[in-house]
Amino acid sequence: MSHSVNSEEWFTNDKPDSSNSFQGSSGEFGAMIFMTTDSQKMLDNWEAPTPGYHILESENVEKGQPIEALVLFSGCSANADGNCIAEIDYQILKPDGSVYAEYKNTELWKNKPALSKGQLGLAIDRVGLIAEANDPVGVYKVTCVVKDLVSNNKFFIYSSFKVNEVKPFKQDK
């Protein structure tokens, strides 16, 4: 698998593969993004010593419910001090394609020891939102430009989620 730097397409066996838009790489540096409505449980699971990791991914959220983008990464390059310096530019787009929010140069992993080959890291800075009553329903897109400032590798990944109206509470008769 390869990902062309500055491209918005993921390639599998040299053919465009939009099904893998949530993951990307450039050189040894790679990352994937997923959305969750239970970030605290995700963080608790992340800290637990287990042989594997279960991802609590969400694709739908009701207005008033929080949803957060989490980015896992591996392979950032070490500088002369043995540390990685990696950032993410996040952008959240509304269903009509307009910008809901934008965050530049957020910390993926800055001035922290490089991870061992094959080890996954979890981005330090994360973004999320709580759709308010006046926000539109529909599919929101979270785009990321993931950057390793030591190797100058960068690539594009994105994920999406759907905001729905709050379902009315039904009482049993």
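Note that the structure is a prediction, hence the values are computed from the model and not measured.

> Would you mind showing me how to read the confidence of the model for the chain here?
If pLDDT is low for a region, its predicted coordinates should not be looked at in detail. Looking at the chain as a whole, the pLDDT averages 83, with 75% of positions reaching at least 70. Low pLDDT, under 50, characterises residues 1-13; the stretch is placed with 31 contacts to residues that sit more than four places away or in other chains.

> I'm lost on the environment of Ala78 in this one. Help?
Structurally, Ala78 can be placed in the loop between β7 (66-74) and β8 (83-93). On the basis of relative accessibility, which here comes to 41%, the residue Ala78 falls in the partly exposed class. Sequence separation between Ala78 and Ser151 is 73 residues, and the spatial gap between their C-alpha atoms is 8.3 Å.

> Hey, could you run me through the pattern of salt bridges in this one?
Pairs may arise between side chains of opposite charge once their charged atoms sit close together. Applying the stated criterion to the full structure yields eight salt bridges. Measuring nitrogen to oxygen at the nearest pair gives 3.2 Å for the salt bridge that ties Lys117 to Glu28. Within this pair, whereas Lys117 is found in the loop between β9 (99-113) and β10 (121-122), its partner Glu28 is found in the loop between β4 (23-26) and β5 (29-36), the two being separated by 89 residues in sequence. Summarising the burial analysis for this pair, Lys117 and Glu28 share the class exposed. We note a salt bridge from Lys147 to Asp89, for which the minimum N-O separation is 3.0 Å. Taken together, the positions of Lys147 in strand β12 (residues 138-148) and Asp89 in strand β8 put the pair 58 residues apart, joining distant regions of the chain.

> Just to check I follow, could you spell out the state of the cysteines for this structure?
Disulfides are covalent bonds that connect the sulfur atoms of two cysteines. Taken as a whole and judged by the stated rule, the model has one disulfide. Residue Cys76 pairs covalently with Cys84 via a disulfide, S to S 2.2 Å. Note on the Cys76 and Cys84 pair: the S-S dihedral is about 95 degrees, so by sign convention the disulfide is right-handed.

> Where do I start with the packing of aromatic side chains in this structure?
Aromatic rings in a pair are described by how distant their centres are and how their planes are angled relative to each other. Within the structure shown, the criterion is met by five aromatic pairs. For the ring pair Tyr100 and Tyr140, a centre distance of 5.9 Å and an interplane angle of 80 degrees mean the geometry is edge-to-face. Of the two residues, Tyr100 sits in strand β9 while Tyr140 sits in strand β12, which places them 40 residues apart along the sequence. Look at Tyr100 and you get partly exposed, because its relative accessible area is 26%. With 5.5 Å between their ring centres and 10 degrees between their planes, Tyr140 and Phe161 make a pair best called stacked. With Tyr140 in strand β12 and Phe161 in strand β13 (residues 153-164), the pair connects residues that are 21 residues apart, well separated along the chain. Relative accessible area serves as the criterion here: at 2%, Phe161 is assigned to the buried category. By the ring-pair criterion, three or more aromatic residues cluster together here, those being Tyr100, Tyr140 and Phe161. The side chain of Lys112 reaches across the aromatic face of Trp109, ending 6.0 Å from its centre. Sitting above the plane of the Tyr158 ring, Lys141 keeps its charged end 4.0 Å from the centroid.

> Sorry, what's going on with the nonpolar core here?
Within soluble globular proteins, side chains that are nonpolar tend to cluster in buried spots. By size, the foremost hydrophobic cluster in this structure holds 31 residues, and its most contacted members are Val71, Tyr90, Leu108, Val142, Cys144, Val146 and Phe161. Secondary-structure elements contributing two or more residues to this core are β5, β7, β8, β9, β11 (127-130), β12 and β13. A total of five residues in this core trace back to one element, the largest contributor, which is β8. Residues in contact with Phe161, not counting those within four places in the same chain, are Met35, Glu59, Val61, Ile67, Leu129, Gly138, Val139, Tyr140 and Val142.

Rules used in this analysis
Residues numbered from 1 in each chain as written. Predicted model: local features only at pLDDT ≥ 70, side-chain atom pairs only at ≥ 80, totals over all residues. Heavy atoms only, no water. pLDDT = per-residue confidence, 0-100. Contact = heavy atoms within 4.5 Å. Helix = DSSP H or I, 4+ residues; strand = E, 2+ residues; numbered from the N terminus. Buried < 20%, exposed > 50% of the residue type's maximum accessible area, 1.4 Å probe, protein only. Salt bridge = Lys/Arg side-chain N within 4 Å of Asp/Glu carboxyl O. Disulfide = S-S within 2.5 Å. Phe/Tyr/Trp six-rings, centres within 6.5 Å; stacked < 30°, edge-to-face > 60°. Lys NZ or Arg CZ within 6 Å of the ring centre and 35° of its normal. Core = buried A, V, L, I, M, F, W, Y, C linked by side-chain atoms within 4.5 Å.

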